[in-house]
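Here is what each chain is made of, one letter per residue.
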There are 2 protein chains.
Amino acid sequence: MSVLVVGSVALDSVETPFGKADEVLGGSGTFFAASASHFTSVKLVGVVGSDYPVHKLDPLRARGVDLGGLEQAEGESFRWRGRYRHDLNSAETLETRLGVFSHFRPKIPTEFRQAPFVFLANIDPRLQLEVLKQVERPKLVACDTMNFWIESRRADLIELLKHVDVLLLNDGEARQLTEHANLVKAARWILQRGPRHVIIKKGEHGAFMFTGSTVFFAPAYPLEDVFDPTGAGDSFAGGFIGYLARTGQLDEAHLRRAVVYGSTMGSFAVERFSIQRLLEIGTSDIRSRLDDFRRLVAFEEEMPA
Amino acid sequence: MSVLVVGSVALDSVETPFGKADEVLGGSGTFFAASASHFTSVKLVGVVGSDYPVHKLDPLRARGVDLGGLEQAEGESFRWRGRYRHDLNSAETLETRLGVFSHFRPKIPTEFRQAPFVFLANIDPRLQLEVLKQVERPKLVACDTMNFWIESRRADLIELLKHVDVLLLNDGEARQLTEHANLVKAARWILQRGPRHVIIKKGEHGAFMFTGSTVFFAPAYPLEDVFDPTGAGDSFAGGFIGYLARTGQLDEAHLRRAVVYGSTMGSFAVERFSIQRLLEIGTSDIRSRLDDFRRLVAFEEEMPA
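The shown structure was predicted, so the numbers you read here are calculated from the model rather than taken from an experiment.

Chemist: For this particular structure, what's the right way to read the overall build of chain A?
Modeler: The secondary structure content of chain A amounts to eleven helices and 13 strands. Computed over its C-alpha atoms, the radius of gyration of chain A comes to 18 Å, within 12% of the 19 Å expected for a compact globule of 305 residues. Summarising its shape, the C-alpha atoms of chain A cover approximately 70 × 40 × 35 Å along the three principal directions. Long-range pairs, those at least 24 residues apart, make up 66% of the contacts in chain A with a sequence separation of at least 6.

Shown next as structure tokens:
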């Protein structure tokens, strides 16, 4: 089954202790699409400016990403410039230029409206709500958000929660949204407001999925070389939703595996700048890392004494 | 098989957002013994002052902890006073009074010297080395350390590493000791200096065990109410080594289960002040939480497509 993603398509300039990248492909929609395209067909809705090097998206198109919903508007593209220090835990934003993205009003092409899986990447919750009015009873809606919207669009975000099945956010955002320092309490707060599942991402410390009274945890893969953390969260979402869309199944067993596929794709994304690594890998790489994840947490049943 | 632990026996005064405890049982030896006593017999070596309420250790004795190596010296007992803020992640030490502990020279009673499992809790590495000279070819030696010794006794600590099988330390200490920010690299650095296994504890974010080229990860249990984190690390060590001592097996499967038992015991320790919770629980509580841990990380093999 196909996935519709609505998110940003940007140009990133990133500095890490290991190198620099200038004006490379970035944005939540881009990372999500590159990641999810390993599992199923992806329909991308977003906007770029007249200066965007659209041909650089050809590798995504070659991977089956439908760019029919990518509008090219008069003006500058969304640009983000950031830096990671030695510990790589948090990005320091040096510059954000929204450009045409500041006037983005997602228009879902008719042929995208029946996509059974929908990911609302991190954009204004009012726009996320508008997208939901344009789609036709998807099987699963997931969304992401960020501190900026939690502060400035709290009421809209809480309205949005009533209409999504899965909320993905990081631990800091979960604490900010719910005003609970404890993540179990934060998750319960969110589950009471609409979503059936909440995924709390803790970066290098892994991710929790809370569902009703059950909880699942997947560690982040202990990489020796994290090159550039940009896009890890959206690549996680791409693996998670991409896998679910491929199988069309939403039971607990599939959801748990989806979280591990999410962690897997996030772990690849950080090995290179931009979506580079996501474009290099194939099914056997993904399967092999999934096996690594299994070994990482596996412990055997106790033998009878 | 029995476990010998050499560590501190102290009086803790702790403040958390949830309450206060004054002059309660504390110290690395105490927490370790309370935890490990659920698995096997424990021999404790340490020192207390003439003011120590020794009768308060009766519950440990009742659990089979041999206090024959607990010296009572003229002077004040070791006292620690600390506070945890809202996030419970790190203790703020308000006062440390070493008292008789500052002159501690561990003397291992003859009948303790053949203990097959030895845990050198967090004390001066020179004393940890002295303990090793007094014991007779243990099957497994594990040790803990802290930032203070990494700074002030670096050469002794590195000498000690040549003689231990397992080093347990937290992520900050691992980074400080090895000067590697990346934990995979930090672990490799340590494994090259003696230990066959290194366990890097990340508090609420779980624990890694590195062995040669393999790595195992156990999450911390996502508790809704963490009451007092004091002693979690030593309770982890107690579960880890206690379980290995009970089975006498040191293969990878047993070591992995031991890490989960460690996480289990750490998760109980933080539910009450001092060793209170460790004294309340029984085998069925431990088994039930171990099952919770299994469910927390379990994901099924993929069905054939």
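Chemist: Could you clarify how one ought to interpret the environment of Gly64(B) in this entry?
Modeler: All names here are of chain B. Looking at where glycine 64 falls in the secondary structure, it is placed in the loop between helix H2 (58–62) and strand E5 (65–73). For the pair glycine 64 and tyrosine 261, spaced 197 residues apart in the sequence, the C-alpha separation amounts to 19 Å. Discounting chain neighbours no more than four positions away, the residues touching glycine 64 are Ser37, Ser41 and Val42.

Chemist: Is there a simple way to explain unusual backbone geometry in this structure?
Modeler: Glycine aside, negative phi is the norm for most residues, and most peptide bonds take the trans geometry. All names here are of chain B. Even without a glycine there, the phi angle at glutamate 23 is positive, about 50°. The residue glutamate 179 is not glycine, and still its phi comes out positive at about 60°. In this structure, glutamate 179 sits in the loop between helix H6 (171–178) and helix H7 (183–191).

Chemist: Got a minute to help me understand the environment of Asn122(A) in this structure?
Modeler: Residue and element names in this part refer to chain A. Summarising the element assignment, asparagine 122 is placed in the loop between strand E8 (117–120) and helix H3 (125–134). The exposure class assigned to asparagine 122 is buried, which follows from the 23 C-beta atoms found within 10 Å. Here the alpha-carbon distance between asparagine 122 and glutamate 159, two residues 37 residues apart in the chain, equals 15 Å. Apart from residues lying up to four places away in sequence, asparagine 122 is in contact with Gly7, Ser28, Asp144, Thr145 and Met146.

Chemist: So what exactly am I meant to see when it comes to the pairing of strand E13 (residues 214–218) of chain B here?
Modeler: All names here are of chain B. By the bridge criterion, five bridges tie strand E12 (residues 207–211) to E13 in an arrangement that is antiparallel. Residue pairing for E13: phenylalanine 210 is matched across the bridge by valine 215. Hairpin geometry of E12 and E13 is characterised by an intervening segment of two residues between the two adjacent antiparallel strands and by a positive phi of about 50° at glycine 212.

Chemist: Help me understand the interface of chain B and chain A, please; the structure alone is not making it clear to me.
Modeler: Quoted interface sizes are often the accessible area lost when the parts come together. Every contact between the two is made by 27 residues of chain B and, on the other side, 27 residues of chain A. Where the side of chain B that touches chain A is concerned, the elements lending two or more residues are H7, E13, helix H9 (252–269) and helix H11 (283–297) of chain B. For the side of chain B that touches chain A, the leading source of residues is H9(B), giving four residues. Looking at side-chain class alone, the side of chain B that touches chain A contains 15 nonpolar, four polar and eight charged residues.

Chemist: What am I meant to see in the relation of the copies chain B and chain A here?
Modeler: Each copy superposes on the other: chain B lies on chain A with an RMSD of 0.0 Å after a rotation of 180° and an axial shift of 0.0 Å. Taken together, the rotation angle and the small translation identify this as a two-fold axis. No C-alpha of chain B approaches the rotation axis more nearly than that of His205(B), which lies at 3.0 Å.

Chemist: When you look at the sheet that holds strand E6 (residues 79–84) of chain B in this model, what are you seeing that I'm missing?
Modeler: Pairing between the strands of a sheet comes from backbone hydrogen bonds, and it takes one of two forms, parallel or antiparallel. Residues and elements named next belong to chain B. Ordered by their spatial adjacency, four strands build an open sheet running E3-E2-E6-E7, and the pairing between neighbours is mixed. If you trace the sheet from one side to the other, it starts and ends with strand E3 (19–26) and strand E7 (91–97), each paired once. The mean angle between the axes of side-by-side strands here comes to 15°, regardless of whether they run parallel or antiparallel. By the bridge criterion, six bridges tie E6 to E7 in an arrangement that is antiparallel. Considered in E7, the bridge of arginine 83 is made with glutamate 92.

Chemist: It is not clear to me how the sheet that holds E13(B) should be interpreted in this structure. Could you clarify?
Modeler: All names here are of chain B. Ordered by their spatial adjacency, nine strands build an open sheet running E5-E4-E1-E8-E9-E10-E11-E12-E13, and the pairing between neighbours is mixed. The outermost strands of the open sheet, each flanked by one partner alone, are E5 and E13. Neighbour-to-neighbour, the strand axes of this sheet turn through a mean angle of 15°, independent of strand direction. Pairing of strand E11 (residues 197–201) with E12 involves five bridges; the strand directions are antiparallel. Across the sheet, histidine 197 pairs through a bridge with threonine 211, a residue of E12. Seen against the sheet, H6 touches strand E10 (166–170) and E11 and runs at an angle of roughly 110° to E10.

Reading the values: rules and limits
Once a new chain begins, its residue numbering starts again from 1 and follows that chain's sequence as written. Chains and ligands are labelled by the order in which they are written, letters from A for the one and numbers from 1 for the other. Thresholds applied to this predicted model are a pLDDT of at least 70 for local features of residues and 80 or more for the giving and counting of side-chain atom pairs; totals over whole chains, interfaces and linings are not thresholded and use all residues. Segments assigned H or I by DSSP are reported as helices when at least four residues long, segments assigned E as strands when at least two residues long, and all are numbered from the N terminus. Every radius of gyration here is taken over C-alpha atoms, with the globule rule written as 2.2 Å times N^0.38, N being the number of residues. Think of it this way: build a C-beta for each residue from its backbone, and any pair within 7 Å is a contact. Exposure classification rests on a simple neighbour count of other C-beta atoms within 10 Å of a residue's own: a residue reaching 20 or more is buried, one at 12 or fewer is exposed, and one in between is partly exposed. C-beta atoms are placed from the backbone. We call two strands paired when DSSP finds no fewer than two bridges between them. Classes in brief: Ala, Val, Leu, Ile, Met, Phe, Trp, Tyr, Cys and Pro nonpolar; Asp, Glu, Lys and Arg charged; the others, Gly included, polar. To line up the copies, we fit them by least squares on C-alpha atoms, keeping just the residues with pLDDT of at least 70 in both. Helix axes are fitted only over the stretch in contact, all axes being lines through C-alpha atoms; the angle between N-to-C directions runs from 0 to 180 degrees.

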